[in-house]
Amino acid sequence: MRLPGARFFVAFLLLPALASAPAAAEDAGARHFAPCRACHSLDPAERGLPGPHLNGLIGRSIGGDPAFDYSPVLRKARDDGLRWDVSRLDSFLADPAAMFPGLWMSMRGVEDATERQALVRFLANPASR
Ligand code: HEC
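Calculation notes
Residues numbered from 1 in each chain as written. Predicted model: local features only at pLDDT ≥ 70, side-chain atom pairs only at ≥ 80, totals over all residues. Heavy atoms only, no water. Core = buried A, V, L, I, M, F, W, Y, C linked by side-chain atoms within 4.5 Å. Buried < 20%, exposed > 50% of the residue type's maximum accessible area, 1.4 Å probe, protein only. Helix = DSSP H or I, 4+ residues; strand = E, 2+ residues; numbered from the N terminus. Contact = heavy atoms within 4.5 Å. Axes fitted to C-alpha atoms, helices over the stretch in contact; angles between N-to-C directions. Parallel < 35°, antiparallel > 145°, perpendicular 65-115°, else oblique. Left-handed = near helix turned anticlockwise from the far one by under 90°. Polar contact = N/O pair within 3.5 Å; in protein donor to acceptor, adjacent residues only side chain to side chain.

A. Just the nonpolar core, in detail. By size, the foremost hydrophobic cluster in this structure holds 20 residues, and its most contacted members are Phe33, Trp84, Leu89, Phe92, Phe100 and Leu123. Listed by contribution, the elements that provide at least two residues to this core are α3 (72–79), α4 (86–94) and α6 (113–124). With four residues, the single largest contributor to this core is α6. Setting aside chain neighbours within four positions, we find Leu89 in contact with Leu57, Ile58, Trp84, Val120 and Leu123.

B. View of the packing of α4 against α6. The contact between α4 and α6 brings their axes to 10 Å, and the two run at 130°. Regarding the angle of α4 to α6, the classification is oblique. The interaxial crossing formed by α4 with α6 has right-handed handedness. Contacts between α4 and α6 involve Val86, Leu89, Asp90, Leu93 and Ala94 from the former and Arg116, Gln117, Leu119, Val120 and Leu123 from the latter.

C. Molecular detail of the side chain of Asp65. Mapped onto the fold, Asp65 is located in the loop between α2 (21–33) and α3. A relative accessible area of 1% means that Asp65 is categorised as buried. Among the polar contacts made by the side chain of Asp65, one reaches the main-chain amide nitrogen of His53 at a distance of 3.0 Å. If near-sequence neighbours (up to four positions away) are discounted, Asp65 is found in contact with Arg47, Pro52, His53, Arg60 and Tyr70.

As far as function goes, none of this settles anything; it's purely spatial.
Shown next as structure tokens:
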């Protein structure tokens, strides 16, 4: 079925998104986080996923979900007192297993720097959830 008004309708939907760039960037972060949701929640109360929750990640200790059983390499990073900051998270996401050889996270890195930055901003900013 062809909808005569469809093109106008699409423009109508896109205009507000284009007019507010920060909101659009947050949307991009949320979109890039979609595949991560298969294994990670942003809600500490949500259990049973294959990965730790990522609530309040920036500033948090590496291996910092007390209810999650981490690999030896992340337990060591936690015991060494390492914490997540913006630049460490960006390098991690570029190539997770390079930063922590033996990591139990079967995900290839996010190659695109813009995509990574949107992801990091999204994970750093609770308001954008
Ligand atoms: C197939 C499941 C899976 C996917 C998909 C996945 N992860 Fe993970 N992630 C894990 C597991 C499992 C761990 C714990 C690894 C370990 O203990 O070695 C982890 C650990 C992490 C950590 C460290 C958490 C902490 O508490 O220190 C971060 C950050 C992270 N993942 C981010 C992401 C992001 C962002 C994405 C999407 C781009 C993603 N992950 C996709 C399974 C996954």
